[in-house]
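Report on the structure
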Amino acid sequence: MNTPDTFRFHNARVFAGSMSDLVQCLRDRLDEPADRPTTFIATPNPEMYVNSVFDRDFRSILQSTSFNMVDGMGLHAMLKLFGYRSSRLTGTGLVEELLAQNVGSMYLLGGVPGNMDVMRRKYPQVNFVGGFEGIINEDNAAELAREIDALAPDFLLVALGAPKQERWIRANVERIPNVKVAIGIGGALDYCSGNVRRAPKRVQGLGLEWLFRLALQPERYRRIVKAVAVFPVMFLSIEGSLLVVRNLRRP
């Protein structure tokens, strides 16, 4: 895999290129030797930033991935404000590109029951080698990982929600050496299958997708408050303080 265009943020590697750059990077990864370690990609958003502040273990996972994608307009805007070369590339957008371009075989882990059948009909050209939509816990993690590794998909798309999906990948990555790329994708499968509606493109472009989700799923209000209200205050406080300290330390 060609070295991706990235920058460092709190010792985490963050992708800074375009979607076409990312897809090409992953195409290159599929051509590499089978004994290369699984590429692990996370897709942090504002809510995950807040979680990482309070959860040291989750923060360490984001720091240990192959790289992370900035998924979330709020996080992207704040990174740009502080001078980082951020590119907003959503997990849903990446999955849509991989499916549309038929880049590699897929195993789908998690998501709304019924996604697999819908995805097979919607993308008949894609090689879905398998999937699991049941309850995932410590009792079946090892057996599930063995099944996935035996199927050797190019991409393992893990849709368990953060931070569960990142913890699952980190805990099982050594059990799935035949998987080339593992990605934590949140609700991307639900959106790609059409089982959950996405906001109109114009609403997404304005960074107001959270408002659309709140209208459709009011039970998500705690998560949305964390992303929309808690995140900007926390980011500005933490990153602003660190910026002042760095400037004071300069000669």
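These notes cover the structure that comes with them. The structure displayed is predicted, hence computed values, not measured ones.

For the rest of this paragraph, the subject is the nonpolar core. Ranked by internal contacts, the top residues of the largest apolar core, which has 31 residues, are Leu22, Leu94, Met106, Phe128, Phe155, Leu157 and Ile183. At five residues, helix α1 (residues 19–30) tops the list of elements feeding residues into this core. Not counting residues up to four positions away in its chain, the partners in contact with Met106 are Leu98, Leu99, Val126, Asn127, Phe128, Val129, Gly130, Pro153, Phe155 and Leu157. In this structure, Phe40, Ala141, Trp168 and Ala182 belong to the second largest nonpolar core, which totals 16 residues.

Residue pairs spaced three or four apart in an α-helix point in one direction, given the helix's 3.6 residues per turn. With 29 residues, helix α12 (residues 221–249) extends 41 Å between its outermost C-alpha atoms, agreeing within 8% with the 42 Å of an ideal straight helix rising 1.5 Å per residue. Of all bends in α12, the biggest is about 45°, found at Val230, and the proline Pro232 comes one to four residues later. Among the residues of α12, those classed as buried are Ile224, Phe231, Met234, Phe235, Glu239 and Gly240.

Remark: helix α3 (residues 56–64) packs on helix α8 (residues 164–172), axes separated minimally by 10 Å, with the N-to-C direction vectors making an angle of 65°. Viewed along their axes, α3 and α8 adopt a mutual orientation that is roughly perpendicular. Classified by chirality, the crossing of α8 by α3 is left-handed. In this structure, α3 contributes Asp57, Phe58, Ser60 and Ile61 to the contact, and α8 contributes Glu166, Arg167 and Arg170. Along the lines of polarity and charge, the residues of the contact of α3 with α8 split into two nonpolar, one polar and four charged.

Quick notes on the rules
Residues numbered from 1 in each chain as written. Predicted model: local features only at pLDDT ≥ 70, side-chain atom pairs only at ≥ 80, totals over all residues. Heavy atoms only, no water. Core = buried A, V, L, I, M, F, W, Y, C linked by side-chain atoms within 4.5 Å. Buried < 20%, exposed > 50% of the residue type's maximum accessible area, 1.4 Å probe, protein only. Helix = DSSP H or I, 4+ residues; strand = E, 2+ residues; numbered from the N terminus. Contact = heavy atoms within 4.5 Å. Expected span 1.5 Å × (residues − 1). Bend = angle between axes of the 7 residues up to and from the residue. Axes fitted to C-alpha atoms, helices over the stretch in contact; angles between N-to-C directions. Parallel < 35°, antiparallel > 145°, perpendicular 65-115°, else oblique. Left-handed = near helix turned anticlockwise from the far one by under 90°. Nonpolar A, V, L, I, M, F, W, Y, C, P; charged D, E, K, R; others polar.

So yeah, pure geometry; function would need other evidence.
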